[in-house]
Amino acid sequence: MDGPSTSTSPGDPAGETPFRYDAALAARIEARWQDRWEAEQTFAAPNPAGPWADPEAVAARGEKLFVMDMFPYPSGAGLHVGHPLGYIATDVHARYQRMRGRNVLHTLGYDAFGLPAEQYAVQTGQHPRTTTEANTAAMRRQLRRLGLGHDARRSISTIDPEFYRWTQWIFTQLFDSWYDEGALRAGGPDEASLGRARPIAELVAELDAGTRALPPRPDGRTWAELDAVERRRAVDEHRLAYVSSAPVNWAPGLGTVLANEEVTADGRSERGNFPVFKRPLRQWMMRITAYADRLVADLDRLDWPEPVKTMQRHWIGRSQGAVVDFALAGPAAASSAERLQVFTTRPDTLFGATFLVVAPEHPALDGVPAAWPDAVPPAWTGGAAAPADAVAAYRAYAAARTEAERTDEGREKTGVFTGLRATNPATGEALPVFTADYVLSGYGTGAIMAVPGQDQRDWDFAARFGLPVVRTVAPPEGWEGEAWTGEGPAVNSSGDGISLDGMGVDEAKAAMTAWLSQHGAGEARTTYRLRDWLFSRQRYWGEPFPIVYDSDDLPHAVPDHLLPVELPEVPDYSPRTFAPDDVTSEPEPPLARLPEWVEVTLDLGDGPQRYRRETNTMPNWAGSCWYELRYLDPANTTALVDPEVEAYWMGPRGPRPDGQPDTGGVDLYVGGVEHAVLHLLYARFWHKVLHDLGHVSSEEPFRRLVNQGYVQAHAYTDARGQYVAAEQVVAVGDGFTHEGEPVTQEYGKMGKSLKNVVTPDDMYAAFGADVFRLYEMGMGPLDASRPWETRAVVGSQRFVQRLWRNVVDETTGAPVVVDQPADPATRVLLHRTIAAVGADYEQLRFNTAIARLTELNNGLTRLTAVPREVAEPLVLMLAPLAPHVAEELWSRLGHEGSLAHEPFPVADPALLVEETVTCVVQVAGKVRDRLEVPADIAEGELRERALATAGVQRALDGRGVRTVVVRAPRLVNVVPA
RNA sequence: GCCCUCGUAGCCCAACCGGCAGAGGCAGGCGCCUUAAAAGCGCCGCAGUGCGGGUUCGAGUCCCGCCGGGGGCGCCA
């Protein structure tokens, strides 16, 4: 091993200690080991089958472990010290488990398609591929310098055609599938779970055979009576990936449509903060709603942070209630609809429904009466001469509002009478039907029964329009508020063969639902807040759809052998954007500007035909929906993953601790909580589809999820409120100054705009990667956010330096450990440390593991000579956290190979047993004395000795003793009379 | 408005099933080494756990109500 010959450390200008562990020496050690790991493929994980099949190597290792990070987006901004936090944590876990003998799969890919990459490219005037690949290369270099023990062979990039070939293939699987609600599903918590995806060909076969019928059509025709094109259109409505013309989120300022999940609560785009409008546009959708129930239910079988589960449950928003049919009455009989169906979670309040409200987009509004009925209050008509005029005016008003304006809660209710009346099935009363934008077209049936007595929104509307209120749940004594939404006995709720009066809410709901079913006026219904996933984007930098349209405008999947559909070069990759508030603009995908690409001749089985390619691209979530599977078998050219390989790394195991069947999935997935509903919900959905279709054995992609906290940093503003460079700020007394001027301390995310960025490269240069890793892991628990403090990093450096000096001579680089046995106290300390550190690693408590290792190391510092029997296990225990310096010391201690696969030290149980312990003697819960007692002391004896102590006698001061609580051998509590 | 989280020493954090509030680090103080210095060495810990109640022999830990920080949802019938 060649020593550093040319450079000397800053603290050693004379060059007398060339082997002092400083940043320069760390840099040389780290580079050397990184090269060696790469050359020796130290972290390559063998596969049991597939192109890399090496079953003997698999058999030679222990149980498998699949560890993953949420892969990075290679942005142009580069990394700051917050980004690697999770990567270091998974690396420590993976390295520890590798030393425990596990066959560990850990790698990292790049999520490189998407809007920000495209925007960055547009800004810099370069092709997105150029900037994205440069950013990826820069990030790879920064992360390699960190010493992550990844299997580099398995790294993927979503923009690689060999990768997105399979993204497109999965899309064709979704396109070629439908969800059969009635099909039996194997596995799952219940033996006879129903509902799974099936190939669309099976649906066609069943329709052909007559064993399944289409849902009733408006024209009343059956499958057999349809022509070929009509049949295709009917089938297309069942696909999991389908084209829809429903209202979608259109952001003119971005030039693209967005998924619900990408629109913020105030109705703007998450990217760019542009206004978003609801527009009916022809778009690709994913039928994620078919999986709503399973996506909720299976959360119970995942080891995920409770907040993430809660967010997903909330987002899916399962609510149980009933649909109720109201017959349309009077002049409206002319309209096409005969009845109006509403959804309610409170069927028990039906007797209190005094009017109905439909969304402005509701189809019933197409058939309103020609004239107002007699005696219509002027306030209801909106000043219009006839219902059709009033409705048209209101629809125009609603359409011009953004989602945010429509759903602003503080706003006064608006609406207009439709001229329609509908009969309450319980009371027989004809109720007026209004349209109002507080009712949403996409939820439930787009129509509600308004019960002002039990719903504040309805109360507000009723108050505005002078509508009656009937309370059907008695509010508590002295209630002076408006709508009462709580518990109470039902009142005013008797009618045709039913009385709910006196029942509690739950009982009344059940009784009313049963009555509705019996009378054909409604039934129980579960609805979800979750909507289908809008999957197309009018963007360049994404996966092209593997779809072509024929001369009848019917979509066809591009066959497997023609995948991937490569993203073509375009003269201009910028999307066409519009004024942010230009509601009437139409999306224009960049790919549509390439007629020679769009028009294509293909043979899809019936001879060469002309087809037109789909010109939308996929959203940037597509690649992250399944990338974990490709890590398993990245070289496989015949399948996205070999089934045996998938079963090995991700397949279900035995029952969970709670007795439910295991879902399978990645053993540990670490990432930020910001992906709680987007990526994690989409990925679960695709995984379940692949599971249903038999491509994967696991039911879920990620069995265990941990959210890492954020690294935040102080930022400073001057008197004008401008941010100043945080690194130049000095603490003065109670405050801070920048170039002598006082500044104000703030706290927030690290970023250019706050001028408080610290990069990993800064840390490598000043301390080296190992010290940086130790500092990041030592700051606190993985899931806690913590403030970055560069000046505190020196603590981690001192630790490594002390360890280095305990093992190596700073002048010669030779080991200084002795082969004499350790003294008993040191040996006991070592074994207690081994036990504690092992437990800490198991539970990802790296901060406390570091504390224990520091404690042991400090203990060795006090010895005149460090025994090898302590130094070696200490080096091994430190290896997951600070792998380079550990390898270096291991090597200087005389070992040939890497320690990456050395067994982790095991504590000697005999040395963990304490012979004597300190017993705390309390009186009335306050510590009054202490006793050194044998660890196995009998309860009775301990009681006697405790009562005899001076402290107890003094505290009792003559009082008697009521009871004595003895928790041998550690505690006695004397309770005075 | 509802839901989820977190409040321990100047700062970051430990404290297992309720059982001595302190493992580790930063900063600070004292001393050592040094001509001088430090990213060197050694030593130094009275904060009763945000506030107020409660349960218990005993509460940082469990329960209730507030206060403060962070996050999610948002007219979803």
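Asks: For the overall build of chain A, give the residues involved together with the corresponding values.
Replies: When its secondary structure is counted, chain A shows 29 helices and 35 strands. Projected onto the principal axes, the alpha-carbon positions of chain A cover approximately 105 × 90 × 70 Å. In chain A, which comprises 977 residues, the proportion classed as buried is 54%. Taking the contacts inside chain A whose residues are at least 6 apart along the sequence as the reference set, 69% of them involve residues at least 24 apart.

Asks: Which residues make up the sheet that holds strand E33 (residues 926-934), and what values do they have?
Replies: The mixed open sheet is built from four strands, whose spatial order is E33-E32-E35-E34. Of all the strands in the sheet, the pair left with one neighbour each is E33 and strand E34 (961-967). On average, each strand axis in the sheet is inclined to that of its neighbour by 20°, with strand direction left out of account. Two elements, strand E32 (residues 916-923) and E33, share eight bridges in a ladder whose sense is antiparallel. Within E33, the position partnered with glutamine 922 by the bridge is valine 927. Packing against the sheet, helix H28 (residues 939-947) makes contact with E32, E33, E34 and strand E35 (971-976), and its axis sits at approximately 130° to E33.

Asks: Please provide a residue-by-residue account of the pattern of salt bridges, values included.
Replies: This structure, assessed with the given rule, holds 59 salt bridges. Here glutamate 38 ties to arginine 144 by a salt bridge, and the two come within 3.1 Å at their closest N and O atoms. Placement of the pair is glutamate 38 in helix H1 (residues 23-40) and arginine 144 in helix H5 (residues 128-144), with a sequence separation of 106 residues. Across the salt bridge formed by aspartate 180 and arginine 212, the nearest N and O atoms sit 3.2 Å from each other. Of this pair, aspartate 180 sits in strand E3 (residues 177-185) while arginine 212 sits in the loop between helix H7 (200-209) and helix H8 (228-236), placing them 32 residues apart in sequence. Here the salt bridges share partners, and the residues they tie into one network are Asp298, Arg301, Arg684, Lys688, Glu699 and Glu700.

Asks: Tell me about the packing of aromatic side chains, residues and numbers included.
Replies: Within the structure shown, the criterion is met by 46 aromatic pairs. Aromatic side chains phenylalanine 171 and phenylalanine 535 sit 5.9 Å apart centroid to centroid with 20° between the ring planes, which places their arrangement in the stacked category. With a gap of 364 residues between them, phenylalanine 171 in helix H6 (residues 161-175) and phenylalanine 535 in the loop between strand E19 (533-534) and strand E20 (547-549) connect regions that are remote in the sequence. Judged by its relative accessible area of 0%, phenylalanine 171 is buried. Through a chain of ring-to-ring contacts, three or more aromatic side chains come together here, namely Phe171, Phe175, Tyr179, Trp284, Tyr291, Trp533, Phe535, Phe545, Trp621, Tyr682, Phe685 and Trp686. The side chain of arginine 684 reaches across the aromatic face of tryptophan 304, ending 5.7 Å from its centre.

Asks: Please give an account of the side chain of arginine 703 that cites residues and values.
Replies: Its place among the elements puts arginine 703 in the loop between helix H19 (679-692) and strand E25 (705-707). For arginine 703, a relative accessible area of 3% puts it in the buried group. Beyond its immediate stretch of four places on either side in the chain, arginine 703 contacts Lys64, Leu302, Asp303, Trp304, Gly651, Pro652, Arg653, Asp662, Gly664, Gly665, Val666 and Asp667.

Asks: Lay out the sheet that holds E19 in plain terms, naming residues and giving numbers.
Replies: Reading across from one edge, E5-E9-E19 is the order of the three strands in this open sheet, with antiparallel pairing throughout. The open sheet has two free edges, formed respectively by strand E5 (241-244) and E19, since each of these has just one partner strand. Bridging between strand E9 (residues 283-286) and E19 involves two bridges; their strand directions are antiparallel. Residue methionine 286 lies in a different strand from E19, and its bridge partner there is tryptophan 533. Lying on the sheet, H6 is in contact with E5 and E9; it crosses E9 at an angle near 80°.

Asks: Which residues make up the nonpolar core, and what are the values?
Replies: Membership of the largest hydrophobic core comes to 176 residues, with the highest contact counts inside it found for Phe171, Trp533, Phe535, Trp686 and Trp788. Sequence-distant contacts of tryptophan 533, defined by excluding residues within four places in its chain, comprise Ala259, Trp284, Met285, Met286, Ile288, Pro619, Trp621, Cys625, Tyr682, Phe685 and Trp686. One finds Val324, Val368, Val391 and Ala521 within the second-largest nonpolar core, a separate group that totals 31 residues.

Asks: Outline the environment of phenylalanine 274, supporting the account with residue identities and numerical values.
Replies: Following the sequence through the fold, phenylalanine 274 ends up in the loop between strand E7 (256-258) and strand E8 (277-280). With a relative accessible area of 24%, phenylalanine 274 lands in the partly exposed category. Beyond its immediate sequence surroundings of up to four residues, phenylalanine 274 is in contact with Gly253, Leu254, Gly267, Arg268, Ser269 and Pro580.

Asks: Break down the confidence of the model for chain A for me, citing the residues and quoting the values.
Replies: For chain A, the mean per-residue pLDDT works out to 89, and 95% of the residues sit at or above 70. Here residues 1-14 is a poorly scored stretch, pLDDT under 50, and it has 21 contacts once near neighbours within four places are set aside; other chains count.

Asks: Help me get a handle on the protein's contact with RNA strand B, residues and values and all.
Replies: Around RNA strand B, a shell composed of 58 residues is seen, among which Thr345, Tyr443, Arg457, Arg798 and Asn973 lie nearest. Across the atoms of RNA strand B situated within 4 Å of the protein, the share located in sugar and phosphate is 64%. Interatomic distance of 2.9 Å between a backbone N/O atom of methionine 779 and a sugar or linking oxygen of RNA strand B. Here a phosphate oxygen of RNA strand B and a side-chain polar atom of arginine 862 are 3.5 Å apart. The set of elements that each furnish at least two residues to the surface near RNA strand B consists of helix H10 (306-316), strand E11 (339-344), helix H22 (794-807), helix H24 (846-861), E32, E33, E34 and E35. For the surface near RNA strand B, the class distribution of residues is 23 nonpolar, 18 polar and 17 charged.

Asks: Now, about the side chain of glutamate 118: what can you tell me, with residues and values included?
Replies: Following the sequence through the fold, glutamate 118 ends up in helix H4 (residues 115-124). Polar contacts involving the side chain of glutamate 118 include one to the main-chain amide nitrogen of tryptophan 541, which spans 2.8 Å. With sequence-adjacent residues up to four places away left out, glutamate 118 is seen in contact with Arg539, Tyr540, Trp541, Tyr573 and Pro575.

Asks: Tell me about a positive patch on the surface, residues and numbers included.
Replies: Together, Lys926, Arg928, Arg954 and Arg959 make up a region of like positive charge exposed at the surface. Judged by its relative accessible area of 42%, arginine 928 is partly exposed.

Asks: How would you summarise the packing of helix H3 (residues 85-99) against helix H23 (residues 824-842) if you had to cite specific residues and measurements?
Replies: Two elements in contact, H3 and H23, have axes whose closest approach is 10 Å; the angle formed by their N-to-C orientations is 125°. In terms of orientation, H3 lies oblique with respect to H23. In this structure, H3 meets H23 at a crossing whose hand is left-handed. Residues Val92, His93, Tyr96 and Gln97 of H3 lie in contact with H23, whose contacting residues are Gly838, Tyr841 and Glu842.

Asks: Outline the environment of arginine 20, listing residues and values.
Replies: Assignment of secondary structure puts arginine 20 in the segment before H1. In this structure the C-alpha to C-alpha distance between arginine 20 and tryptophan 459, which are 439 residues apart in sequence, comes to 77 Å. In this structure the side chain of arginine 20 is engaged in a polar contact, spanning 3.3 Å, whose partner is the side chain of glutamate 810.

Asks: Outline H1, supporting the account with residue identities and numerical values.
Replies: Counted at 1.5 Å a residue, the expected span for H1 with its 18 residues is 26 Å, and the 25 Å between its end C-alpha atoms agrees. All of the buried residues along H1 are Ala23, Leu25, Ala26, Ile29, Glu30, Trp33, Gln34 and Trp37. End-on view of H1: buried residues confined to an arc of 155°, all on one side of the axis. Structurally, the start of H1 carries an N-cap: the backbone nitrogen of alanine 24 is 3.2 Å from a side-chain oxygen of aspartate 22. The first or second residue beyond H1 is glutamine 41, which carries a positive phi of 55°.

Asks: I'd love a proper account of the pairing of E32, names of residues and values included.
Replies: If you look at the hairpin formed by E32 and E33, you'll find two residues sitting between the two strands, and alanine 924 has a positive phi there, around 50°. Sheet topology places E32 next to E35; four bridges connect them, and they run parallel. Paired with glutamine 922 across the bridge in E35 is asparagine 973.

Asks: Can you lay out unusual backbone geometry for me, pointing to particular residues and giving the numbers?
Replies: Note that the residue after leucine 563, namely proline 564, is joined by a cis bond; omega there is 0°. You can see proline 564 is positioned in the loop between strand E21 (555-557) and helix H16 (595-598). Cis rather than trans, the peptide bond between alanine 968 and proline 969 has omega equal to -5°. Along the chain, proline 969 falls in the loop between E34 and E35. If you check the backbone angles, aspartate 553 has positive phi at about 70° while not being a glycine. Looking at the element boundaries, aspartate 553 is found in the loop between E20 and E21.

About the criteria used
- Residues numbered from 1 in each chain as written.
- Chains lettered and ligands numbered in written order.
- Predicted model: local features only at pLDDT ≥ 70, side-chain atom pairs only at ≥ 80, totals over all residues.
- Heavy atoms only, no water.
- Helix = DSSP H or I, 4+ residues; strand = E, 2+ residues; numbered from the N terminus.
- Buried < 20%, exposed > 50% of the residue type's maximum accessible area, 1.4 Å probe, protein only.
- Contact = heavy atoms within 4.5 Å.
- Pairing = 2+ DSSP bridges.
- Axes fitted to C-alpha atoms, helices over the stretch in contact; angles between N-to-C directions.
- Salt bridge = Lys/Arg side-chain N within 4 Å of Asp/Glu carboxyl O.
- Phe/Tyr/Trp six-rings, centres within 6.5 Å; stacked < 30°, edge-to-face > 60°.
- Lys NZ or Arg CZ within 6 Å of the ring centre and 35° of its normal.
- Core = buried A, V, L, I, M, F, W, Y, C linked by side-chain atoms within 4.5 Å.
- pLDDT = per-residue confidence, 0-100.
- Near = heavy atom within 4 Å.
- Polar contact = N/O pair within 3.5 Å; in protein donor to acceptor, adjacent residues only side chain to side chain.
- Nonpolar A, V, L, I, M, F, W, Y, C, P; charged D, E, K, R; others polar.
- Patch = residues over 30% accessible without salt bridge, like charges linked within 9 Å, V, L, I, M, F, W, Y side chains within 5 Å.
- Areas by Shrake-Rupley, 256 points an atom, 1.4 Å probe, with all protein chains shown as cover.
- Lys, Arg positive; Asp, Glu negative; His and termini not counted.
- Charge placed at Lys NZ, Arg CZ, Asp CG, Glu CD.
- Parallel < 35°, antiparallel > 145°, perpendicular 65-115°, else oblique.
- Left-handed = near helix turned anticlockwise from the far one by under 90°.
- Expected span 1.5 Å × (residues − 1).
- Arc of directions from axis to C-beta.

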